[in-house]
Structures are given as C-alpha cells and as structure tokens.
Amino acid sequence: MTISIDTDQRPVMPVSFYQLLSQELVDTRPRDANAITLYFRDPDYSPELGGFHPVEVRLEKQLNHWRLVYVTDFAFHGYELIKDIDICFNSKQVYSSIGGWINHDEGKELIELFSDNFISYHHMDVYQVQIALG
C-alpha cells in the first residue's frame, strides 16, 4: 500500500525527503489511524559520546492523503534533550534553538541543510526507525 503524502505544503521540503518517508512507510497499513509518527534514532547517541540527533516526523490524515504536521530534530544541550530544529507545518514556521522562530529565507536554508544531512545519515543506516500509528 502506498501512503499518499501531500507534498504541496509550507514550509517546502525537498522531494528526496518525501521519497525517504514513502520508502519507510511502504509496509505501513494505517487502516483507521489518523496519525503516523516516525522516530529515527541513533541508539548510541548520548551527551557524552555525541552521535546523530534523533528526528521525529508526524503526519496526520486529511481526506485522501497524509500531511506533515512537524519534523523535529532533537539534540542534547548539556544533559537535556531539547528541540534543536522544529519545522511546523501548521504555523508554516521554522524554529532553531539558536535563533528561535526564524524568518522565511533563513528557514528555507536551514531546511535544506537539515534535509541534506538527515537523508545522508539515513542512507548511512545510522538510524533505527520506529513507526507509531495513532
């Protein structure tokens, strides 16, 4: 079963990001679910050793397709795991732990950098992926 994801959302995500999600969701059967959350985790990531930031992606069902709600990259700041980058599709804004809510141009650049890195790390098989239906 192919899950149809609305790719015409703001902020704009690269086509390769949607392809990665579709690849991960190829065997997912959401049936009566109204939400899908994907968890990408590096099991070795810690404040002491570093590693690859955990990423969470949430989709919600809307009519005959699924739409992104958020993409969040978490990072340790000291020993506290916080939102480092948050791409919010409901408010159409991008948040950075360094700059807070950032303007459109900076948000676009951050999304490109984040997406390129995330997709590269995914291709390197650094993540364990879990999918939750809600």
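For the structure itself, consult the block above.
Residues numbered from 1 in each chain as written. Predicted model: local features only at pLDDT ≥ 70, side-chain atom pairs only at ≥ 80, totals over all residues. Heavy atoms only, no water.

Student: Can you lay out the layout of surface pockets for me, pointing to particular residues and giving the numbers?
Tutor: Taken as a whole, the largest pocket spans an internal volume of roughly 260 Å³. For the lining of the largest pocket, the secondary structure elements donating two or more residues are strand 5 (93-96) and helix 2 (104-123). Element by element, the count of residues in the lining of the largest pocket is highest for helix 2, at five residues. Of the residues belonging to the lining of the largest pocket, the class tally is seven nonpolar, four polar and four charged. Within this model, the second largest pocket holds a volume of roughly 190 Å³. As for the second largest pocket, its lining consists of 14 residues, and the residues nearest its centre are His 53, Asp 73, Phe 114, Asn 117 and Tyr 121. Of all elements in the fold, only strand 4 (80-88) and helix 2 reach the threshold of two or more residues within the lining of the second largest pocket. Sorting elements by how many residues they give to the lining of the second largest pocket places helix 2 first, with six residues. Residue composition of the lining of the second largest pocket, by class: nine nonpolar, three polar and two charged. (1 Å grid on protein atoms, 1.4 Å probe; cavity = no way out; pocket = protein on both sides within 12 Å on 5 of 7 lines; lining within 4 Å. Points joined across faces, edges and corners; volume = space filled by probe spheres on them. Helix = DSSP H or I, 4+ residues; strand = E, 2+ residues; numbered from the N terminus. Nonpolar A, V, L, I, M, F, W, Y, C, P; charged D, E, K, R; others polar.)

Student: Can you explain helix 2? Please cite residues and give values.
Tutor: With 20 residues, helix 2 should reach 28 Å at 1.5 Å per residue; the first-to-last C-alpha distance of 28 Å fits that figure. Those residues of helix 2 that fall on the buried side of the exposure criterion are Gly 107, Leu 110, Ile 111, Phe 114, Ser 115, Phe 118, Ile 119 and His 122. Within helix 2, the buried residues cover an arc of 155° as seen down the axis, which keeps them to one side. The outward face of helix 2, more than 90 degrees from its buried face, is lined by the exposed residues Asp 105, Glu 109, Leu 113 and His 123. For helix 2, the N-terminal capping position is held by Asn 103, with its side-chain oxygen 3.1 Å away from the main-chain nitrogen of Asp 105. A positive backbone phi angle near 60° is found at Asp 125, which sits one or two residues after helix 2. (Expected span 1.5 Å × (residues − 1). Buried < 20%, exposed > 50% of the residue type's maximum accessible area, 1.4 Å probe, protein only. Arc of directions from axis to C-beta. Polar contact = N/O pair within 3.5 Å; in protein donor to acceptor, adjacent residues only side chain to side chain.)

Student: Describe in detail a negative patch on the surface, supporting the description with residues and values.
Tutor: Taken together, the side chains of Asp 105, Glu 106, Glu 109, Glu 112 and Asp 116 present a region of like negative charge at the surface. Structurally, Asp 105 is set in helix 2. Of the residues examined, Asp 105 reaches a relative accessible area of 53% and is grouped as exposed. (Patch = residues over 30% accessible without salt bridge, like charges linked within 9 Å, V, L, I, M, F, W, Y side chains within 5 Å. Areas by Shrake-Rupley, 256 points an atom, 1.4 Å probe, with all protein chains shown as cover. Salt bridge = Lys/Arg side-chain N within 4 Å of Asp/Glu carboxyl O. Lys, Arg positive; Asp, Glu negative; His and termini not counted. Charge placed at Lys NZ, Arg CZ, Asp CG, Glu CD.)

Student: Go over the side chain of Glu 56 with me, naming the residues and quoting the values.
Tutor: Mapping Glu 56 onto the fold places it in strand 2 (residues 55-62). Once residues within four sequence positions are removed from consideration, Glu 56 is found in contact with Thr 37, Leu 38, Tyr 39, Arg 41, Tyr 70, Val 71, Thr 72 and Phe 74. (Contact = heavy atoms within 4.5 Å.)

Student: Explain the sheet that holds strand 6 (residues 100-102) to me, and be specific about the residues and the numbers.
Tutor: The strand order across the open sheet built from seven strands is 6-5-4-3-2-1-7, with neighbouring strands paired in antiparallel fashion. Strands with a single pairing partner mark the edges of an open sheet, and in this sheet they are strand 6 and strand 7 (128-133). Across the sheet, the mean angle from the axis of one strand to that of its neighbour is 25°, orientation sign disregarded. Pairing geometry for strand 5 and strand 6, over three bridges, is antiparallel. Its bridge partner lying in strand 6, Ser 96 is registered against Gly 100. Where helix 1 (residues 15-24) meets the sheet, it contacts strand 1 (35-41), strand 2, strand 3 (65-77) and strand 7, and its direction lies at approximately 100° from that of strand 1. (Pairing = 2+ DSSP bridges. Axes fitted to C-alpha atoms, helices over the stretch in contact; angles between N-to-C directions.)

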